[in-house]
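Given next are the chains, with one letter for each unit.
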Amino acid sequence: MKALKRMSKFAIFGLCAGFFVMLTSTAAAAEEATVSNETIIKQANHLLTWQMDHGGWSKDMPQMYTRDWNGREAKSVWTSNGQELGTIDNDATVSEIRVVAEAYQLTKDERFKASVHNGIDFLYKLQYPSGGFRQVYPQRGSDPSSSVWYSNYVTFNDHAMVNVLRLLEDARQGKAPFEGDLFNDSQRKQMAASIEGGLDYILQAQIVANGKKTAWGQQHDPVTLQPQQGRAYEHPSIATDESVGIVQWLEDQPNQSAAVQEAIAAARAWMDEARVADTRYERRVEPHFFYEPGAEIWYRFYQIGTNRPIFSGRDGVIHHDIMNVEQERRYGYAWAGTWPQKLR
């Protein structure tokens, strides 16, 4: 009986201790969430001061999240034709819209709501009548001969356009952080139309080589739909990484049309054909490509019609052997990868 009493005391102590730990953990989690929410609101308040009049934000300016704009400094890393440019490069503007929307959900502050609306309107300014989204607004460069004109093309590079489409989908469907009264029915219908335009452009812009649909380039012309030159070392070609992102987005679409299914199947077939077996890629170890049984890679750029790999330096000369490119570009750019493995 005494032993039973002792066990009962220990059991009660254990239960109490466990309950205390649970309460402590719950309190700690609540405190952490509070700190996180406070951080989001602070960041959003800073972002409001950096948002440009056209509704967009710049890329590569981490200070936007930590302090207010001082009223004098440039709000963008890119200025062209006397105007500061907003961009969707490197997930810019898309990320800021999401943060400010989250702050609105936490506070219901109308300033945040207006900022999100302005950000979405900026995304519409990027969209051409053909449905594709350019990388920047306003125009970058004076004319197509400019070295930076690629920013005005429809941009799949670094998944810029796909990131916009995914944000618009989340907003249209009222997914976090876009739930509740952040948008009305009319605004959601406008988002649906924009998404439909983007889908139509993607289907039309799929590159056809030797009579077969393949995949997509990094940037395309908004009118002719043809792949275009990016930076000096980014030539018109079939781009594996960007094409994987497009296929992932297409496969996420509900109620897929026959055209969508055909585009997916063609892109997947091209990736199977372009696969390089028994090969490993090392970005900073020469000669960069090594024989390894069972390994596989895909080149970043493929020549349209031949599927030969494209490598290039800052001089813009196309090579099919990476060792003919200067070391700075060989080491400083991802010329191959395993991106299509994400589709398995």
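Residues numbered from 1 in each chain as written. Predicted model: local features only at pLDDT ≥ 70, side-chain atom pairs only at ≥ 80, totals over all residues. Heavy atoms only, no water.

### Focus on the side chain of S243
Turning to step 1, where the next piece is worked out: Looking at the secondary structure, you find S243 in helix α6 (residues 240–251).
Turning to step 2, where the next piece is worked out: At 2.7 Å, the side chain of S243 forms a polar contact with the backbone oxygen of A239.
Turning to step 3, where the next piece is worked out: The residues touching S243, leaving out its near neighbours within four places in the chain, are A215, W216 and M271. (Helix = DSSP H or I, 4+ residues; strand = E, 2+ residues; numbered from the N terminus. Polar contact = N/O pair within 3.5 Å; in protein donor to acceptor, adjacent residues only side chain to side chain. Contact = heavy atoms within 4.5 Å.)

### A short note on the pairing of strand β11 (residues 289–299)
Turning to step 1, where the next piece is worked out: As judged from the 5 bridges shared by strand β10 (residues 276–281) and β11, these two strands associate in the antiparallel manner. Bridge assignment links R280 to a residue of β11, and that residue is F290.
Turning to step 2, where the next piece is worked out: Here β11 pairs with strand β15 (residues 336–337) via 2 bridges, running antiparallel. Looking across to β15, one finds that W298 is bridged to G337. (Pairing = 2+ DSSP bridges.)

### Observations concerning the confidence of the model for the protein chain
Turning to step 1, where the next piece is worked out: Per-residue pLDDT for the protein chain averages 93, and the proportion of residues at 70 or more is 90%.
Turning to step 2, where the next piece is worked out: Overall, residues 1–7 carries pLDDT values under 50, and its contacts beyond four positions in sequence, including any with other chains, amount to 0 contacts. (pLDDT = per-residue confidence, 0-100.)

### Thoughts on the environment of R329
Turning to step 1, where the next piece is worked out: Topologically, R329 is positioned in helix α8 (residues 327–332).
Turning to step 2, where the next piece is worked out: On the basis of relative accessible area, R329 is assigned to the buried category, the value being 6%.
Turning to step 3, where the next piece is worked out: Considering only alpha carbons, one finds R329 and G313, 16 residues apart in sequence, at a separation of 5.8 Å. (Buried < 20%, exposed > 50% of the residue type's maximum accessible area, 1.4 Å probe, protein only.)

### Section: the environment of T79
Turning to step 1, where the next piece is worked out: Within the secondary structure, T79 sits in strand β1 (residues 79–80).
Turning to step 2, where the next piece is worked out: Given the relative accessible area of 52%, T79 is considered exposed.
Turning to step 3, where the next piece is worked out: For the pair formed by T79 and R140, sequence separation is 61 residues and the distance between their alpha carbons is 7.8 Å.

### Quick word on the packing of helix α4 (residues 160–173) against α6
Turning to step 1, where the next piece is worked out: Orientation of α4 relative to α6, taken along the N-to-C sense of each, is 20°, at an axis distance of 10 Å. When the interaxial angle is binned, α4 and α6 end up roughly parallel. Crossing hand, α4 versus α6: left-handed. Contact residues: V162, L165, R166 and E169 in α4; G245, I246, Q248 and W249 in α6.
Turning to step 2, where the next piece is worked out: Residue composition of the contact of α4 with α6, by class: 4 nonpolar, 2 polar and 2 charged. (Axes fitted to C-alpha atoms, helices over the stretch in contact; angles between N-to-C directions. Parallel < 35°, antiparallel > 145°, perpendicular 65-115°, else oblique. Left-handed = near helix turned anticlockwise from the far one by under 90°. Nonpolar A, V, L, I, M, F, W, Y, C, P; charged D, E, K, R; others polar.)

### Here's the deal with the nonpolar core
Turning to step 1, where the next piece is worked out: Core analysis: the biggest nonpolar cluster contains 79 residues, and I120, L123, L168, I202, W216 and L250 have the highest contact counts within it.
Turning to step 2, where the next piece is worked out: The greatest single-element share of this core, amounting to 8 residues, is contributed by α4.
Turning to step 3, where the next piece is worked out: For L250, the contacting residues outside a window of four places in its chain are L199, I202, W216, Q256, V260, A263 and I264. (Core = buried A, V, L, I, M, F, W, Y, C linked by side-chain atoms within 4.5 Å.)

### Overview of the sheet that holds β10
Turning to step 1, where the next piece is worked out: Spatially, β10-β11-β15 is the arrangement adopted by the 3 strands of the open sheet, whose pairing is antiparallel. A single partner strand is all that each edge strand has here, and the edge strands are β10 and β15.

### Some thoughts on the packing of α6 against helix α7 (residues 258–274)
Turning to step 1, where the next piece is worked out: Axis separation between α6 and α7 bottoms out at 10 Å; the angle between their running directions is 145°. The two elements α6 and α7 meet at a crossing, and its hand is left-handed. Across the interface between the two elements, T240, S243, V244, V247, L250 and E251 of α6 pack against V260, A263, I264, A267, R268, W270 and M271 of α7.
Turning to step 2, where the next piece is worked out: Considering only residue class, the contact of α6 with α7 consists of 9 nonpolar, 2 polar and 2 charged.

### Concerning the pattern of salt bridges
Turning to step 1, where the next piece is worked out: Evaluated as defined, the whole model comprises 20 salt bridges.
Turning to step 2, where the next piece is worked out: Between E328 and R314 there is a salt bridge, and its shortest N-O distance comes to 3.0 Å. Within this pair, whereas E328 is found in helix α8, its partner R314 is found in the loop between β13 (311–312) and β14 (318–319), the two being separated by 14 residues in sequence.
Turning to step 3, where the next piece is worked out: For E328, a relative accessible area of 39% translates into the label partly exposed.
Turning to step 4, where the next piece is worked out: Residues joined by salt bridges that share partners form a network here, namely K59, D60 and D89. (Salt bridge = Lys/Arg side-chain N within 4 Å of Asp/Glu carboxyl O.)

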